Amino acid sequence: MNEIPTMSAEQLGMSKYTRRQFLKFSGAATAATAASVLSMNDIAEAAITRPLPLGTPILVVVSLYGGNDGLNTVIPYEDAAYYSARPTLNYKPETLLPLTDGLALNASMTGIKTLWDAQKVAIVRGVGYPKPDRSHFSSMAIWQTGSPQTHLSTGWLGRWLDNQAVDPMMAISLGSVLPPLLAGAKQSGSALPLGGLIIPAGAIGKACMRLSTASQRDSKLSAAAATSMRNLFSVSGSITPVLSQPAPLDDDLPTVSGGNAGGDSNLTQQLNIVAKLIAAGAPTKVWSVSLGGFDTHANEANAQAALLGTVSTSISKFLSQMKASGRSKDITVMVYSEFGRRVKANGSDGTDHGSAGPMFLIGDRVQGGMYGDQPSLTKLIDGDLAVTTDFRDVYSSVIENVLLTPAEKVLGKWSGRVKAFKSA
Amino acid sequence: MDLKRLEIARLYNRFGFGPRPGEFAQALKAGVAATKQNVLNPPQIDSGAVTPPVITDLGKRPEPNTPEIVIFSRHLRAQKEELELWWLDQMVATNKALQEKMVWFWHGHWATSIGKVNYAMPMLTQNLTFREYATGNFSEFSQLMFSDGAMQVWLDGGENTVKAPNENFSREMMELFLLGVNRYTETDVKELARAFTGYQVSRSSGVVVYNEKRRDTKSVTILGKSAVMGPEDAIAHLVSQPDCAQFIAERIWYRFISSQQPLPANHQMIGAFAGREIAPLLSALINGADLANPQYEIVKSPVEWFVGVCRALSLTPSKLNSFTKMHGYLEKLSQVPFSPPNVGGWPTDEAWLSSASAQFRIAFATWLVNQADLSAIEALVPAKRAAYLADLLAVVEWSPRTSSALREVRDTVPRLVILAICSPEYVVSA
């Protein structure tokens, strides 16, 4: 089971991900390095026996699926061009949460505004990559592999994992499918299904355990099927009271108008579990959570505001939960989406796929403020914002300042940095 | 590996939803060539066909907190339940296996979710179109999918107007439905969106109407061709591209043969699709050599697994003891008919093999087996049961690991059956 995903010459020769490869990759990631799906109990046991030392930096990556409209997130509310590009899809200035430089946050993001006021939020403007790809699937693959030009079969955090000691607890994604982000060549991150796993007991449990042993005769997929069942039985028995509470219900989110491009729908629940596990001392340095629904081609304003409200509220709640644990100083939250949206609204009070968008870095280690240049609303490239900051500048800084690893090991030679972290 | 068994098992598992009791053993006697002919030339009339539910237009959603909304919600829930059960019953009961499997394929291809469409009526209409064109003419089929109400709602087609075009539908039409990613430019996406302007859809009925005022009547340039084009001309132009044949062959390959290995260059399906007829493309695939190649394994998706179990154990989805439970298991396994996760359809292979799905599959299997009549297996001497199950389930061969696990429980038939349907050999179509 230690095979690296094989790509045909034809696939390797292609410069971009096809959707098929992306899906294959996202599915194959777990099997590629036999990364297990974890149970709460696994993590609980590890948290008790080998807790993460206090003071170890922790990265929480929040992926927004569907292409978040950056211009209605960090809003250039003093720019006349904003109102003329979006005559019926703009916000009235007095409803917004003003920052600096003529920018304001969407009115729903009060939690992040409070963190901004405490100088814990860095907003990196105009983030993207050369030759923007407007396919959800291709663009998300580019962001997650960290490689715009040539396609790689590993995620950028997967390559970071490859440089760490083998430990299934090192990086964990919430949900039962592992995102390509955490797929490494030597080891992959683990997936933690919400609600955890229940191990079949009694005679049928014993029989299934026998059925899940490896067989010489197994083909690749049969072996993967056996492994998935075997992992079910390799979980430990100890449960901490912290984790055995029932998981809260899903958010009631407006997936109606932007929900056909992937991502999960229960960010609050995911971050709540991450908070509990970090507080319990899980030996995990990277967490991945996601929210879908940002593909707002129509009637964007209410849907996006509700989604951004969820992002803002769940992150601020998460950070306040961290305060109680004594680990709030260790946490950095990074928020991104696969692309921003077209500057000009379409006829349906929505926006089509665009290019650059803002990224957020949030936490005590972050030096709050604006970074990168705000893309001009009048000097557009084919109707889209110009990219002013390459996402690899942000990744490099995160890898060095949060993951304490030379960025070159993950991204190769890359000189750009976003100096958004306090000096240690 | 017994290649004859392999090929016949694939004909049942991939080009249908698995055999019913006795069918596989019979097909083994008839041989590969005869079985292929049976798959490709089913009876004219589907004697197993289940009549589609009568679904009425529920009209506009009433205001919140009114007595009307309560009644409306109850009707809507009942319609969605009826729709889901009808299709699952139809998959289990059909005698035109390939036709039904193609309906399922097209549902994953033109992937539209009731999660956004919200009404059952347009979803049923779309499914009936899939049925009509399952193995028919792809050009006509694509035209109908443009004016499909559920699709128009799903991809904001009704929002696409001359004043400001909405690119959602035009992009997916090229990327996911007709050509494949990177086989067009961003300009093509914008131009196609203009050709698609002018249509409006009633959400509850799915009726699509043309509104001239919203229409962009200027010339557009799509893949090098400039003309005043409406959706009909534009789609005909896209479907006539050589890339369209390549793409549809790739998608069929991906779902029926292998998502791990790419479609071999110049595959015979591409030439067979020259007239854009789907049936010859399928014949070319089925009559080719790929089915006998052991390297092309594929994991059964949860619905394929569930329907296969129902067919083998003579269960009817609508007669199971709880709709809520059945629906819940499918949901936990992440595959419910009419609810694909996104416009790209469902994932494949390893995506279905997490420990979480292993757990739910065992629980689902236990629930199903407890409702099945197992007397035919009980009647056999224990030593013959594993071999019988291999034929019942169209499993090519049990591995030594599974054989020994089955041997240990062969005296307890329900447990034996649960193990067999959860085994790697059944979950994966070799």
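Residues numbered from 1 in each chain as written. Chains lettered and ligands numbered in written order. Predicted model: local features only at pLDDT ≥ 70, side-chain atom pairs only at ≥ 80, totals over all residues. Heavy atoms only, no water.

**Some thoughts on the overall build of chain A**
Part 1 of the argument: The helix and strand inventory of chain A stands at 14 helices and 12 strands.
Part 2 of the argument: The buried share of chain A, reckoned over its 424 residues, is 64%.
Part 3 of the argument: In chain A, once contacts between residues fewer than 6 apart in sequence are set aside, the share between residues at least 24 apart is 75%.
Part 4 of the argument: Carbon and sulfur atoms make up 55% of the accessible area of chain A, which amounts to about 15,000 Å² in all. (Helix = DSSP H or I, 4+ residues; strand = E, 2+ residues; numbered from the N terminus. Buried < 20%, exposed > 50% of the residue type's maximum accessible area, 1.4 Å probe, protein only. Contact = heavy atoms within 4.5 Å. Areas by Shrake-Rupley, 256 points an atom, 1.4 Å probe, with all protein chains shown as cover.)

**Considering the packing of helix α8 (residues 138–146) of chain B against helix α12 (residues 231–239) of chain B**
Residue and element names in this part refer to chain B.
Part 1 of the argument: Where α8 contacts α12, the two axes come as close as 10 Å, and the packing angle between them is 140 degrees. Comparing their axes, α12 and α8 come out oblique. For the pair α8 and α12, the crossing hand works out as right-handed. Each of Phe138, Ser139, Ser142, Gln143 and Phe146 in α8 lies in contact with α12, whose residues at this interface are Pro231, Glu232, Ile235, Ala236 and Val239. (Axes fitted to C-alpha atoms, helices over the stretch in contact; angles between N-to-C directions. Parallel < 35°, antiparallel > 145°, perpendicular 65-115°, else oblique. Left-handed = near helix turned anticlockwise from the far one by under 90°.)

**Some details on the sheet that holds strand β4 (residues 104–105) of chain A**
Residue and element names in this part refer to chain A.
Part 1 of the argument: Spatially, 3 strands are ordered β2-β4-β3 in an open sheet, and the strand pairing comes out antiparallel. A strand with exactly one partner marks an edge of an open sheet, and here the two such strands are β2 (74–75) and β3 (97–98).
Part 2 of the argument: By the bridge criterion, 2 bridges tie β2 to β4 in an arrangement that is antiparallel. Paired with valine 74 across the strands is leucine 105, a residue of β4. (Pairing = 2+ DSSP bridges.)

**Overview of empty space enclosed by the protein**
Residues and elements named next belong to chain B.
Part 1 of the argument: A complete count under the given rule lists 9 cavities of 30 Å³ or more for this structure.
Part 2 of the argument: The computed volume of the largest cavity comes to approximately 330 Å³.
Part 3 of the argument: What lines the largest cavity is a set of 23 residues, among which Lys101, Trp104, Arg255, Ser301 and Glu304 lie closest to the centre.
Part 4 of the argument: The greatest single-element share of the lining of the largest cavity, amounting to 5 residues, is contributed by helix α5 (residues 97–109).
Part 5 of the argument: Here the lining of the largest cavity is built from residues that sort into 9 nonpolar, 7 polar and 7 charged. (1 Å grid on protein atoms, 1.4 Å probe; cavity = no way out; pocket = protein on both sides within 12 Å on 5 of 7 lines; lining within 4 Å. Points joined across faces, edges and corners; volume = space filled by probe spheres on them. Nonpolar A, V, L, I, M, F, W, Y, C, P; charged D, E, K, R; others polar.)

**Examining the packing of helix α21 (residues 400–409) of chain B against helix α22 (residues 413–422) of chain B**
All names here are of chain B.
Part 1 of the argument: For the pair α21 and α22, interaxial distance at closest approach is 8 Å and the crossing angle is 165 degrees. Judged by the angle between their axes, α21 and α22 are roughly antiparallel. The interaxial crossing formed by α21 with α22 has right-handed handedness. Counted together, Ala405, Leu406 and Val409 of α21 and Arg415, Leu416, Leu419 and Ala420 of α22 form the full contact between these two elements.
Part 2 of the argument: Of the residues contributing to the contact of α21 with α22, the split by class is 6 nonpolar, no polar and 1 charged.

**Focus on the packing of aromatic side chains**
Residue and element names in this part refer to chain A.
Part 1 of the argument: According to the stated counting rule, one finds 35 aromatic pairs over all chains in the structure shown.
Part 2 of the argument: Judged by centre distance (5.0 Å) and plane angle (75 degrees), the ring pair of tyrosine 82 and tyrosine 83 falls under edge-to-face.
Part 3 of the argument: The class of tyrosine 82 is buried, set by a relative accessible area of 1%.
Part 4 of the argument: For tyrosine 83, a relative accessible area of 23% gives the class partly exposed.
Part 5 of the argument: Look at tryptophan 143 and phenylalanine 391: their rings are 4.7 Å apart centre to centre, the planes differ by 25 degrees, and that puts the pair in the stacked class. (Phe/Tyr/Trp six-rings, centres within 6.5 Å; stacked < 30°, edge-to-face > 60°.)

**Some words on the pairing of strand β1 (residues 58–64) of chain A**
Residues and elements named next belong to chain A.
Part 1 of the argument: The element β1 is largely enclosed, with a buried count of 7 among its 7 residues.
Part 2 of the argument: The alternating pattern of β1 places Ile58, Val60, Val62 and Leu64 and Leu59, Val61 and Ser63 on opposite faces, both of which are buried.
Part 3 of the argument: Where β1 lies against strand β9 (residues 331–337), 7 bridges are found, and the strand directions are parallel. The partner of isoleucine 58 across the bridge, within β9, is isoleucine 331.

**Quick notes on the state of the cysteines**
Part 1 of the argument: Per the stated rule, a full pass over the model turns up 0 disulfides over all chains.
Part 2 of the argument: Unpaired in this structure, cysteine 208 of chain A has its nearest cysteine sulfur neighbour in cysteine 422 of chain B, at a distance of 5.8 Å.
Part 3 of the argument: Its relative accessible area of 0% is what places cysteine 208 of chain A among the buried residues. (Disulfide = S-S within 2.5 Å.)

**Re the nonpolar core**
Part 1 of the argument: Within the largest apolar cluster, 138 residues are counted, with the highest numbers of intra-cluster contacts made by Trp106, Trp110, Phe138, Met173 and Phe306 of chain B.
Part 2 of the argument: With 9 residues, the top contributor of residues to this core is helix α18 (residues 355–369) of chain B.
Part 3 of the argument: Not counting residues up to four positions away in its chain, the partners in contact with phenylalanine 306 of chain B are Leu88, Pro317, Leu320, Met326, Leu330, Phe364 and Leu368 of chain B.
Part 4 of the argument: By size, the runner-up hydrophobic cluster in this structure holds 47 residues, among which are Val60, Ala275, Ala282 and Val289 of chain A. (Core = buried A, V, L, I, M, F, W, Y, C linked by side-chain atoms within 4.5 Å.)

**Focus: the confidence of the model for chain A**
Residue and element names in this part refer to chain A.
Part 1 of the argument: In the predicted model, chain A carries a mean pLDDT of 82, and the fraction of residues at 70 or more is 79%.
Part 2 of the argument: Per-residue pLDDT stays below 50 along residues 1–35; that stretch engages in 90 contacts with residues further than four places along the chain or on separate chains.
Part 3 of the argument: Every residue in residues 235–257 scores below 50 in pLDDT, and together they form 44 contacts with partners more than four places removed in sequence or on other chains. (pLDDT = per-residue confidence, 0-100.)

**Here's the deal with helix α20 (residues 385–392) of chain B**
Residue and element names in this part refer to chain B.
Part 1 of the argument: Residues of α20 that are buried include every one of Arg385, Leu389, Ala390 and Leu392, and no others. In an axial view of α20, the angular spread of the buried residues amounts to 165 degrees, which keeps them on one side of the axis.
Part 2 of the argument: Looking at the packing, one finds that the buried side of α20 touches α1 (3–13), α16 (302–313), α19 (375–378) and α22. (Arc of directions from axis to C-beta.)

**Quick notes on the pattern of salt bridges**
Part 1 of the argument: Inspection of the entire model under this criterion finds 28 salt bridges over all chains.
Part 2 of the argument: Measuring nitrogen to oxygen at the nearest pair gives 3.1 Å for the salt bridge that ties aspartate 117 of chain A to lysine 113 of chain A. Taken together, the positions of aspartate 117 of chain A and lysine 113 of chain A, both in helix α5 (residues 110–117) and 4 residues apart, correspond to about one turn of that helix.
Part 3 of the argument: By relative accessible area, lysine 113 of chain A is classed as buried at 18%.
Part 4 of the argument: Residue glutamate 7 of chain B pairs with lysine 36 of chain B through a salt bridge whose shortest N-O separation is 2.8 Å. Linking glutamate 7 of chain B in helix α1 with lysine 36 of chain B in helix α3 (residues 32–40), this pair joins segments that are 29 residues apart in sequence.
Part 5 of the argument: Sharing partners across several salt bridges, the network here consists of Arg134, Arg342 and Asp384 of chain A together with Glu167, Arg171 and Glu186 of chain B. (Salt bridge = Lys/Arg side-chain N within 4 Å of Asp/Glu carboxyl O.)

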